[in-house]
Structure formats: structure tokens, C-alpha cells
Amino acid sequence: QVQLVESGGGLVQAGGSLRLSCAASGRTFSKYAMGWFRQAPGKEREFVAGIYWNYGTTRYADSAKGRFTISRANTGITVYLQMNSLKPEDTAVYYCAAGGTFSGVNWYYTRLSDYDSWGQGTQVTVSS
């Protein structure tokens, strides 16, 4: 199917920045969106940012708007998440996902159920 490999996680101080990367391989032609989710211990996995591949349109969770930016590489199938002004509450395992749900009219890519391929996750820890 599709293989996703994340990188770029680590430990940073509050106010700092990180850039996460996700490289996709395999049967990616069947996927039309890529996104980032995060999950903290004891909490549900939540949407952070998503991108519709063909148009480059993006969507963000309210918590990410103004601080995080999702983008595509010019070649291949690689997606980035630039995270600025990091806060301790951003601490979580961040997962890359690929998929997209087509209603017959619109594509949806902001929900867990919109994705069917997932990476292994990368830990992001923000210290106070």
C-alpha cells in the first residue's frame, strides 16, 4: 500500500521551532491528501494540518493557525510541517497520514476517518 516515514521530531524549548518531514512511497497515486495529526498520552488523536495535493489547498486546526505551516516538496511526495512559537501543550507524538475522502462533489481531509495510511509517528517535546 502506502508507506510513510516521518522525521524531524525532537526536544525544543518553548518559543522554538521544528520542521517535520514525511516521505511517502508505494501506491501513492490513490491518495489525494496528506495531513498531520498528533496524540498526547491519555488524549485522542487530533487533526493538526492537511493539504489537498493537486491544488495545494490547506486546512488547519484552530490551535495551529498562525503558528504551523503545511507544505509540499516540488518533487516526489513529501510533506512538511513547519512549527513555530511552540508551546508545551504542543507536546505529542505527531503522525503523518495519507488519504482523502471524496463525497462525489468535494474532497475532505480534516478528519481521522478521511485517512487510511499512517506513519509510525515522531515525538515532539516542548519544554517550559
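Predicted model, so just to flag it, every value in this text is computed and none were measured. (Residues numbered from 1 in each chain as written. Predicted model: local features only at pLDDT ≥ 70, side-chain atom pairs only at ≥ 80, totals over all residues. Heavy atoms only, no water.)

For S85, which is not glycine, the phi torsion reads 50° and is therefore positive. Looking at the secondary structure, you find S85 in the loop between strand 8 (78-83) and strand 9 (92-99). (Helix = DSSP H or I, 4+ residues; strand = E, 2+ residues; numbered from the N terminus.)

Locating S21 in the fold gives a position in strand 3 (residues 18-26). The residues touching S21, leaving out its near neighbours within four places in the chain, are V5, E6, S7, W36, V79 and Y80. (Contact = heavy atoms within 4.5 Å.)

The strand order across the open sheet built from 4 strands is 1-3-8-7, with neighbouring strands paired in antiparallel fashion. Looking at which strands have only one partner, the edges of the open sheet turn out to be strand 1 (2-7) and strand 7 (68-72). The average undirected angle you get between the axes of adjacent strands in this sheet is 15°. One ladder, built from 6 bridges, connects strand 1 with strand 3; its direction is antiparallel. Within strand 3, the position partnered with S7 by the bridge is S21. (Pairing = 2+ DSSP bridges. Axes fitted to C-alpha atoms, helices over the stretch in contact; angles between N-to-C directions.)

In this section: the nonpolar core. Formed by 27 residues in total, the largest nonpolar core has its most connected members in M34, W36, V79, L81, M83 and Y94. When residues of this core are traced back to their parent elements, those giving at least two are strand 1, strand 3, strand 4 (33-39), strand 5 (46-52), strand 7, strand 8, strand 9 and strand 13 (122-127). Every residue in contact with L81, bar those within four places of it in the chain, is listed here: L18, R19, L20, W36, V48, A49, F68, T69, I70 and Y94. F37, F47, A61 and Y109 belong to the second-largest nonpolar core, a separate cluster that totals 8 residues. (Core = buried A, V, L, I, M, F, W, Y, C linked by side-chain atoms within 4.5 Å. Buried < 20%, exposed > 50% of the residue type's maximum accessible area, 1.4 Å probe, protein only.)

Using the criterion set out here, one finds 1 disulfide in the structure. Put simply, C22 and C96 are joined by a disulfide, and their sulfur atoms are 2.0 Å apart. Here the S-S torsion is close to -85°, and the disulfide linking C22 with C96 is therefore left-handed. Taken as a pair, C22 in strand 3 and C96 in strand 9 lie far apart in primary sequence, 74 residues in all. With a relative accessible area of 0%, C22 lands in the buried category. (Disulfide = S-S within 2.5 Å.)

Everything listed is a geometric property; what it means functionally is a separate question.
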